[in-house]
Amino acid sequence: MNISEIKSKIESALPGVSVKIVSQSLLVEKPGNLTRVVRYLKDSPEFRMDYLASVTGADYLDYLESVYHLYSMAKKTGPIVLRVRVRRDEPKIPSLARIYRGAEFQEREAYDLFGILYENHPDLRRLFLWEGFEGFPLRKDYLQEDSEILEAEDIQWLEEHGIPIPEDIRKQAHELKQQGLRALAQKPTKESGV
Amino acid sequence: MDEKTVTVQDTNPMDTETLEVNFGPQHPSTHGVFRMNIVLDGETIVSVKPVMGYLHRNHEQIAENLTYAAVMPYTDRLDYFNSMANNFGYALAVEKLARIEVPERAQYIRVIMAELTRLVNHVSVIGFLLNDLGAFFTPVLYAFREREKILDIFEAISGSRMMCNYFRFGGVKRDVSDADLEQIRKIVQKFPAFLDEFEALLTKNEILCMRCQNVGVLPPDLAVNASITGPVLRASGVNYDIRKVDRYSIYERFSFRIPLGDKGDVYDRYYVRILEMRESVKILEQALKGIRPGEFIHPKSTSFLKLPRNFKPPVGEAYGRVESPKGELGYYLVSDGTPQPWRYHVRSPSLINLTVLEDLCVGHKVADAIIILGSIDIILGELDR
Amino acid sequence: MIFGSGIIRGMFVTLKNFATSYFRKPDEGGLFTVEYPEKRIPLKERFRSFPFLVYDGTPENLRCTACDICARECPPKCIYVVRAADQDGRPLRRPAAFTIDYSVCMNCGMCEEVCPFDSIFMDHEFEIASQDRYRELVYTLTKLLKSNEYFNNIRPRDAQAVDKKRREAEEKKKLAAAQAAKPKLDEPPKPV
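Just so it is clear, the model here is predicted, and its values are computed rather than measured.

A few words now on the overall build of chain C. Each helix and strand counted, chain C has seven helices and six strands in total. Reading chain C from its N end, one meets helices and strands in the order α-β-α-β-β-α-β-α-β-α-β-α-α. What you see for chain C is a C-alpha radius of gyration of 27 Å, clearly larger than the 16 Å of a compact globule of 192 residues, by over 25%. Counting only C-alpha atoms and orienting by the principal axes, one finds that chain C spans roughly 110 × 40 × 30 Å. Buried positions account for 38% of the 192 residues belonging to chain C. Of the accessible surface of chain C, which amounts to about 12600 Å², a share of 59% is contributed by carbon and sulfur atoms. Side chains of chain C give 32 positive and 28 negative charges; the mean places of these two sets differ by 4 Å.

With that settled, the discussion passes to the interface of chain C and chain B. In this complex, chain C contributes 38 residues to the contact, which on the side of chain B involves 41 residues. Between chain C and chain B, a total of about 3400 Å² is buried, with carbon and sulfur atoms accounting for 51% of that surface. Together, C:Arg46, C:Arg48 and C:Glu113 form the three largest contributors to the area buried by chain C at its contact with chain B, with a combined 21%. Where chain C meets chain B, there are six salt bridges. Across the pair B:Arg309 and C:Glu73 runs a salt bridge whose closest N-O atoms are separated by 3.0 Å. For the pair chain C and chain B, the interface holds 18 residue pairs in polar contact (both at pLDDT 80 or more). Those elements that provide at least two residues to the side of chain C that touches chain B are helix H1 (5–20), helix H2 (69–73) and helix H3 (110–114) of chain C. With nine residues, H1(C) is the largest single contributor of residues to the side of chain C that touches chain B. A class-by-class count of the residues in the side of chain C that touches chain B yields 16 nonpolar, eight polar and 14 charged.

All names here are of chain C. Put simply, Tyr36 and Pro37 share a cis peptide bond, and its omega is 5 degrees. Its location among the elements puts Pro37 in the loop between H1 and strand E1 (51–55). With a phi angle near 55 degrees, Ala66 is a residue other than glycine that sits in the positive phi range. Within the secondary structure layout, Ala66 lies in the loop between E1 and H2. Note on Ala66: relative accessible area 6%, which makes it buried.

Our focus in this paragraph is the confidence of the model for chain C. In the predicted model, chain C carries a mean pLDDT of 83, and 94% of its residues have values of at least 70. Quick note on the complex model: pTM equals 0.86, ipTM equals 0.84.

Moving on, we get to the interface of chain A and chain B. Chain A puts 46 residues into the contact, and the matching count from chain B is 46 residues. When chain A packs against chain B, the two sides together hide about 3700 Å² of surface, and 55% of this comes from carbon and sulfur. Inspection of the region where chain A meets chain B yields four salt bridges. Residue A:Arg101 pairs with B:Asp359 through a salt bridge whose shortest N-O separation is 2.9 Å. Between the two partners, chain A and chain B, sit 21 residue pairs in polar contact (both at pLDDT 80 or more). Among the secondary structure elements, those contributing two or more residues to the side of chain A that touches chain B are strand E3 (51–59), strand E4 (63–72), strand E5 (77–87) and helix H3 (103–114) of chain A. When residues of the side of chain A that touches chain B are assigned to their parent elements, the largest contribution, nine residues, is made by E3(A). Considering only residue class, the side of chain A that touches chain B consists of 23 nonpolar, ten polar and 13 charged.

What follows deals with the pattern of salt bridges. Residue and element names in this part refer to chain B. Using the criterion set out here, one finds 63 salt bridges over all chains in the structure. We note a salt bridge from Glu197 to Arg145, for which the minimum N-O separation is 3.7 Å. Here Arg145 lies in helix H5 (residues 138–158) and Glu197 lies in helix H6 (residues 178–202), a separation of 52 residues in the sequence. For Glu197, a relative accessible area of 13% corresponds to the buried category.

Two faces belong to every sheet, and in a regular strand the side chains alternate between them. Residue and element names in this part refer to chain B. Where burial is concerned, most of strand E7 (residues 316–324) is hidden: nine out of the nine residues are buried. Side chains Gly316, Ala318, Gly320, Val322 and Ser324 of E7 all project onto a buried face; the interleaved residues Glu317, Tyr319, Arg321 and Glu323 project onto the opposite face, where all are buried too. As paired elements, E7 and strand E8 (residues 327–335) share nine bridges and run antiparallel to each other. Following the sheet pairing, Val322 is matched in E8 by Leu329. Between E7 and E8, which follow one another and run antiparallel, lie two residues.

What follows covers the nonpolar core. Among the nonpolar cores identified, the biggest contains 143 residues, and B:Tyr90, B:Met113, B:Tyr166, B:Ile184, B:Leu354 and B:Leu357 are the most heavily contacted of them. The biggest single contributor to this core is helix H4 (residues 104–133) of chain B, with 14 residues. Apart from residues lying up to four places away in sequence, B:Leu357 is in contact with B:Phe34, B:Met36, B:Val48, B:Ile372, B:Leu373 and B:Ile376. One finds A:Val37, A:Phe47, A:Ile99 and A:Ile116 within the second-largest nonpolar core, a separate group that totals 38 residues.

What counts, and where the lines are drawn
Residues numbered from 1 in each chain as written. Chains lettered and ligands numbered in written order. Predicted model: local features only at pLDDT ≥ 70, side-chain atom pairs only at ≥ 80, totals over all residues. Heavy atoms only, no water. Helix = DSSP H or I, 4+ residues; strand = E, 2+ residues; numbered from the N terminus. Rg over C-alpha atoms; globule rule 2.2 N^0.38 Å. Buried < 20%, exposed > 50% of the residue type's maximum accessible area, 1.4 Å probe, protein only. Areas by Shrake-Rupley, 256 points an atom, 1.4 Å probe, with all protein chains shown as cover. Lys, Arg positive; Asp, Glu negative; His and termini not counted. Charge placed at Lys NZ, Arg CZ, Asp CG, Glu CD. Contact = heavy atoms within 4.5 Å. Buried area = accessible area lost by both parts, 1.4 Å probe. Salt bridge = Lys/Arg side-chain N within 4 Å of Asp/Glu carboxyl O. Polar contact = N/O pair within 3.5 Å; in protein donor to acceptor, adjacent residues only side chain to side chain. Nonpolar A, V, L, I, M, F, W, Y, C, P; charged D, E, K, R; others polar. pLDDT = per-residue confidence, 0-100. Pairing = 2+ DSSP bridges. Core = buried A, V, L, I, M, F, W, Y, C linked by side-chain atoms within 4.5 Å.

What follows is the structure in structure tokens.
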């Protein structure tokens, strides 16, 4: 079954739902419709997409995206790739964890690293990073500490352990500390992919 | 167990209290730095909450800042027991993305390496499971004796025992010599005898049976719903093996069967792994018969070996998956036409197979939680990424 | 079957393994461990530990041209190269400083693969443990340089292939130079 057939089947079975074909995958235009589409794909005897292989996020600078790879274990077919796009400032997507248990950890991971809020998730906490971690590291605008610039505390520690530090580096770190900044560097931004 | 905190919920002296036990992260039975918060009623488990991230290094972000070729050595460090399988999945995903052909000999070498890795993984996992059961180190050392021979082969072929970094886009890094193939033939020939001995030691052992049978039963519908893959899924009786379903690489040329369990308990997971090793030996025998001299890497891809920055896959995305010894190992790649991947995601079987940990453990004794965890087979390098 | 027979059967397996470990060969189920460091297992030729730089003849005659490709392609970014310059500040084709932080290096062998001048290769030396990460494990140019004979010694097959390739390239270069020089001799230089 090719992708446009799947699209027309979904649209005829679910009135009011519109999907778009984006690079061999189906973009569900309204995030709120995602659960309906997934339930249809899972329950209809034609598809029987009972296995959610992978859930992940992606950042395209203008919007955040959540990508789902669905397979059928019963019919040994697949994948059907679904994607949902949301605004960066309000990244709310309905959770699939109540339909597929397998989405539970994967959605927590995407929340942890991208900050996508999966609504109605049973336990949406950070998965890998600790509580109170600021920011979402896989977003492209996440500022990372620059390992080339030492912080004032690092310099103090190194000097206590007898490692000589060049004067200009010490001065730079001191200045940053005076400004109340930690050593940060701007990451270059790339152009959007798909 | 590291710490015990008693939560006093009621002042009535006749009331029973639940005990919250923090299991891990520094505990040998967690196979790394994995932590579980277990709530116990007496010795029976009431709830299990896994806590992970102690080995988190944001593998995906590291990869997004590197060239495609430079990610390969990092994939070794995901599931550090099966670096060849990790390489395989990543190479497959990139080849799908950039539409690279792989020559026949390279395909054979890949299959041989992947199946040897499966032997290494399953034999050690069974050893560790027995360690968790209390059979202290005898089965592990028998397993490691066999693993050692295979790791020697990996060292001779790829240069490193565990961090192989052997696969390249469109082939493999170096050719396998006839002497190495002869050595592999010898190992494969002797492996069934070792398995017979291993089984004589374990399979009908009454203690093993009593500890493992009917413990941590995973019903097939829950297994499918929770996206469980690999031997854990097949032990529950669901016939799903990506080698058969996707027929990636050249797996359609080999005849092998997929062992299935009927109950889905710890014992089935143990026995499915034993049977899978026997099937792997069959695949290896056929592959070693079928391998012919030829190119070990596609001539078009050799130019990228010297200049990784010139390797720019066309704009698009790909999801490549392989049946790693732990389950479905998937790589999701998005290319924006630059030498670095825009998005790189690893679908790690260790993490997703843990979804059902609580369902398996609740109602069993605390000692069973450890063998259930051991039978799921997690590797923290892959789980935490 | 009688209850307990499985255990007894297993005990026989361990007993058999215990007894035969004394006279079997290592690859047939005997003792396969050696008492390191007194005894060692011979290293495989392709074994890779850390990178080193090759020189021909004398250390001044090193192959590295400070092109910086290895430093750029190194996945954990543990190589630092500074190109040498003459008195006028023009860059020379040799490194002024070449430093590898061995405590960051992850032995992947990428530098060896991408080097266009056959200069950097993976060593067999792995016993580099020390108590000082900064003084002992940050390898500078002098510590990294090793002779081509050493390379031939540890990895004969690879080294011979590299030597052959270099010889052929040199002969080709000589031939090309000779051919380029020839017409100049035959024809008198034209006035411009």
